[in-house]
Structure formats: C-alpha cells, structure tokens
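Read off the chains here:
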Amino acid sequence: MLSDSSWRIIRIGLVGLVLAAAVAGLVLGDAWLWVAVEWSPPAYADAEFYARGGFDTPTAVALLVAALVKAALLWLILRAPAPGPLDRRAKALRRLLYLAVAYTLVLWYPIALLPDAVDAAFQLALWIAIDVLYLLVIRWRSRMLRAVAGAMFAVELAGMANELLDELDLPELGSGGIVELGLMLGGVAATIITVVGQRRDGRWSRGTQVAGWLSVGVYALVIPLNMLFGRIFSGNLAMLVMMDAVGLVSTVWIAATARELPAEGRPADLPPARRRVIRVAVAAVAVLPIIALIHPEQTPHLTYTGWSMGCYDRPSFGDLKPAERDAAFLCRARSTEGGVPPMFPDNLSDQGILAYGRALCRTKDRDEQEAILTRAGSARPAWGVDPWDLVYVCPEIVGATHPELLRSTTEMEAANAAYIAEEDAKCRAPWPRTKGVVQATAKYFLFVDGDPGYLVHDPEDEAADEAAEQAMDKVYDDSTLVGVASSAVLIGHVEDVVDLCLTVKAFRTAPPQRTAGWDQVNEVPIVSRSGRLTVPEMGKGGEVGAGAPMPNLAIAGKGRYRLRVYVRVGDAGEEHLVVVFPGASRKRLKLKP
C-alpha cells in the first residue's frame, strides 16, 4: 500500500493538472476547455446541439467554476485508505466501491464506446454486489432497519434493471413519468437509508455522513427541476456543467465510505466550528430546491422548450385528453425540428404563446397571421401557422373547416383504409378475359410533384437500392419514360398526376401484343436474382405505393424476364398495364411509340 506522503504527492499532482488544464483551455479554445473540465472528448459538448458558434459567457464561467469545484472534490476523493484490518466481506466491499469511483472518474468513457446495454448491465451488476455487501457489512443494529434497507436497495436496483430492459428493447417494469420518478426516488431513499446505517454503525466520521446527506441534496436539486420541469438539460449547457460538477459529491461519499471501512482507527470528529459550517451547507442544499421552485406571480411559465423530451411525439388531436392539448401546442410552438426556427421566441411564456395561438385561430388570412407573429417576436412571421398546429388550441374553429384534424389515430387509419379501398375500386383490369397466372389491379399513389413513377423490381436483390437509383437516372433518357437497370425498371407517368390505375399480370409465355386502344407500348428486359419481382405497396401510414397487395411476378423463379408496359390516358385518368413473362432477350422494343 502507498504511504501517506505518496498519496499526497499523487493528489497534488492530479488536482494541479486539472487546474492547469482548465487555465490552458482558456487559451487553446472551447474544445480544450471542455476536455480539461469535463474529462470527456470535445464531441460530448455537442456544439451543434448546445453551443452553436462556441460557448457563451455563462457557459465559459460555469466551466471555470466547475474546474475549481471538481478539483476540490477530487482532493477529497483521492484521500488514502484508512489503515486497519478488514474481513473478507469488507475487503470485497471496499474494492467494489473504489471500482464505482473509478467508473465515475475514468472508466465511464471506454465503457461508453460499447453498446449502451453493456454499460447498463455493468452498473446493474456492480450495484447488486455493493448493495448486498452493504446489508452484510454495515452494522444496522436493527432487523427492521436492515429490512427497510433491503427494500430500498431493491427499488434502486429495479430502476437500473428497467434501464437495462429499455436498452435491450424488452418489456420494461413500468412506463410513464410516475414510474420513472418512483424508481428514481427509490435510489434517493437507498442513499438516505445507507447514511442512517453508517450513523448507527459508528465507523464512519461525521464528514462522510455529511457527504452522504449532501449527495441526497444534489438528488433533491436535480429531480424536481429535471423530471418535473425538464429544464436542466433543455439546451442549457451552463446548468449541465454545474450539475455535473456538484454530482461528484456522491463520488466523494462513496470514496469516503470505502476509505473508512476499518473498525479501528475511526477518524476524529470535526471541530465544532466546522460542524456549524457544514450544517449550514447541508441546510442550504436541502432548502435550495424548494426556493428554486418558487417564482414571482408575474414570472412567465416555460413548461416546454424546443428540446423537451415530451415533445418528440406528435399525437393526433383525437388521442389527447382536453388537459393535454395546450401542452401539445406549446411543443409545436417551440419546436426547432428540422433546423427551422421556432414559431415563437424562447423567452415568451406559456401563457403568452397560448394567447397568441388563440388569436391566430381567429385570423382570416395569412396577412393577419403575419401581423400577429411579428408582434409576438416570431423569427418566421411570413410562414403563418398551419391548421394542424392550431387545432390543439381551438378545435371548435379549425374543426369546422378541417374535421379530419379532429380524428384519433384509429379514426385516421380507418378513414385512410376506406379512402384507399374506394380508390382501388375505381380501377378496372383492362384485359378482364385474359387471366394471368397471378394478377392484381389497384390505384398506385405517387407524391405530388415529386415522383417520376413506380418501380417493378427485385426487392431482395443485394443491389436493389443501387439498381433503383440507376433506373431512376435512366427514366428520362428517351420518350418511353421507362428506365431499365438490371433487376429494376422505373416506369414514368405521362400526365402530371398524383396517382394512376395499375394492373399487373404474369404469364408463362408471351401474350398477344394487343396494342389497340393504348397510347404507347414498350417492352424491356428485367432480371430476378432472388426469384421475386413485384411493385412497392403502400405501407401502414404511408403515402406512396400500390393501394392493394401486389403479387410476385417472377412466376418461373430466378432468371430473365420480359416486361411489357401499356400506357393510356383517358377520361378516367392515366392507366397502366404491366405484363411480365419469362424471356432471355435483352432488347428494348417500342411496340407502339
């Protein structure tokens, strides 16, 4: 074991290195300052997310203050272990506690390079072992207290197990904010009961117990602000830095718990003056969260920001309870999804945004909307506001002209399925008496002003995506509007349409050409490498594809086929017939230009 002088040299060297690196970071730039203070690569600052254009003044000041705080806490963490005999269980507990300290300071980064599930499993296994040894090593002096401690440890471990299940995409122990908050409070309760056990045991000094209570205070500061209000990590990098620095108090407590495990040579109590200072500090940390939650009556409420976790989902109006609709509009109003500026400025209160939203509902045109948004300080007044955003604050107004926006997800899916079935029913097979081995007729839906056409392709070909891109590049090579690329054929549309009637048929031999009544007929080669040829279907919630299931047109399995495309435009719109049959020819034929 190292001597006290060796430990002191190591402590002085590491703490001095932290402070020197922070000072050097001021000279070398933001990236170096972040590395020096946060002990993590510059990428963890996520400059595009938090600090576009570099750190602002509050963040730079927070980093410097954090460097001093972390240096002081690191000095306490690196104190030499107390001498004295330890039994087998106490030795194991000391090693595991120091492993937890090493994880917090150093090991977290290499473990973070592995899948998240590995990190969650490592922490769960580590703390299962530590909590079991806590129950065995600490002299609780009460069976009831030991049982309560076991229950609190179980809740703490349940929270960690829940995170592991989430990372493994397995059913979780519970979902929702209440369950998550309950599991987190279980971790706080486990810390409290452990400090109580240390006090009853008698081996641990007042300083160690104070560090434990301070760590509880840090939890008390983080949980209400982050869980209930979601404001700590909502783009506020300065707050993130300070909370990370203060969070090392828990590591100080864990290191002190490991250091003072020997029963002999119990550290002397602190002098009365220092005890009073520490009591004031503990009281301040305990009261600070309550004070932080109290605001003047006129202070604007900011429930959601553009980065709040609860705003990533976009539920349908009909899926929300009346009490949830205002929150959904606030999410839209402050959203910066896609890199676009928010509808309203970040400093505008919830009350102000909702008032402006209801005023926008009563406008008659875009000019009135632009005037209101300009008055509100919006960065995009000329864009106006869409009815699918306003429906959350004035459903009675928006629903009168857009009743479809009032539907729930189930109602929307049912209405969409009914619409697709109705459109499919409008399409008729052009060769009703010529039956293919397989065939189907349906409406094919295209993107407005964006889709060159539809594919007939081998979706299981290893080069399917590359073939589709090549076919798209070739579709405009000539007037046929048929792009051919090995296992993919892209068939373009003639009219400026958003959908067309499509019939596909597969034959074992080439059917008669029958070009009469069609505007153009072309025949091209296509290859099936997997034994499949089909047309993309519209998936659930999709906007593009065939409205009905499409059959496998490669009826002879793997090999070469001929694909004949019939196109005509009439009163009923544009109509396509695609005929596929085996054939080795690689020629392109214009049967009816």
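Cut-offs and rules
- Residues numbered from 1 in each chain as written.
- Predicted model: local features only at pLDDT ≥ 70, side-chain atom pairs only at ≥ 80, totals over all residues.
- Heavy atoms only, no water.
- Salt bridge = Lys/Arg side-chain N within 4 Å of Asp/Glu carboxyl O.
- Helix = DSSP H or I, 4+ residues; strand = E, 2+ residues; numbered from the N terminus.
- Buried < 20%, exposed > 50% of the residue type's maximum accessible area, 1.4 Å probe, protein only.
- Expected span 1.5 Å × (residues − 1).
- Polar contact = N/O pair within 3.5 Å; in protein donor to acceptor, adjacent residues only side chain to side chain.

**Observations regarding the pattern of salt bridges**
Stage number 1. Under the definition given, this model contains 13 salt bridges.
Stage number 2. Residue R358 is joined to D326 by a salt bridge in which the shortest nitrogen-to-oxygen separation is 3.3 Å. With R358 in helix α13 (residues 350-361) and D326 in helix α12 (residues 322-334), the pair connects residues that are 32 residues apart, well separated along the chain.
Stage number 3. Assessed through its relative accessible area of 33%, R358 is described here as partly exposed.
Stage number 4. Ionic contacts of the salt-bridge type, sharing partners, join the residues R139, D201 and R203 into one network.

**Some details on helix α6 (residues 143-167)**
Stage number 1. For α6, built from 25 residues, the straight-helix expectation of 36 Å at 1.5 Å per residue is met to within 8% by its first-to-last C-alpha distance of 36 Å.
Stage number 2. Three or more residues of α6 are buried, namely L145, A149, F153, E156, L157, G159, M160, N162 and L164.
Stage number 3. Residue S142 occupies the N-cap position of α6, its side-chain oxygen lying 3.4 Å from the main-chain nitrogen of M144.
Stage number 4. Just downstream of α6 lies D169, where phi reads positive at about 60°.

**Concerning unusual backbone geometry**
Stage number 1. At L481, a position not held by glycine, the phi torsion is positive, near 55°.
Stage number 2. With respect to the helices, strands and loops of the structure, L481 is situated in the loop between α18 (464-474) and β3 (482-485).
Stage number 3. Within the chain, R514 stands out as a residue other than glycine whose phi angle is a positive 50°.
Stage number 4. Of note, R514 is situated in the loop between β5 (499-506) and β6 (520-528).
Stage number 5. For R514, a relative accessible area of 41% corresponds to the partly exposed category.

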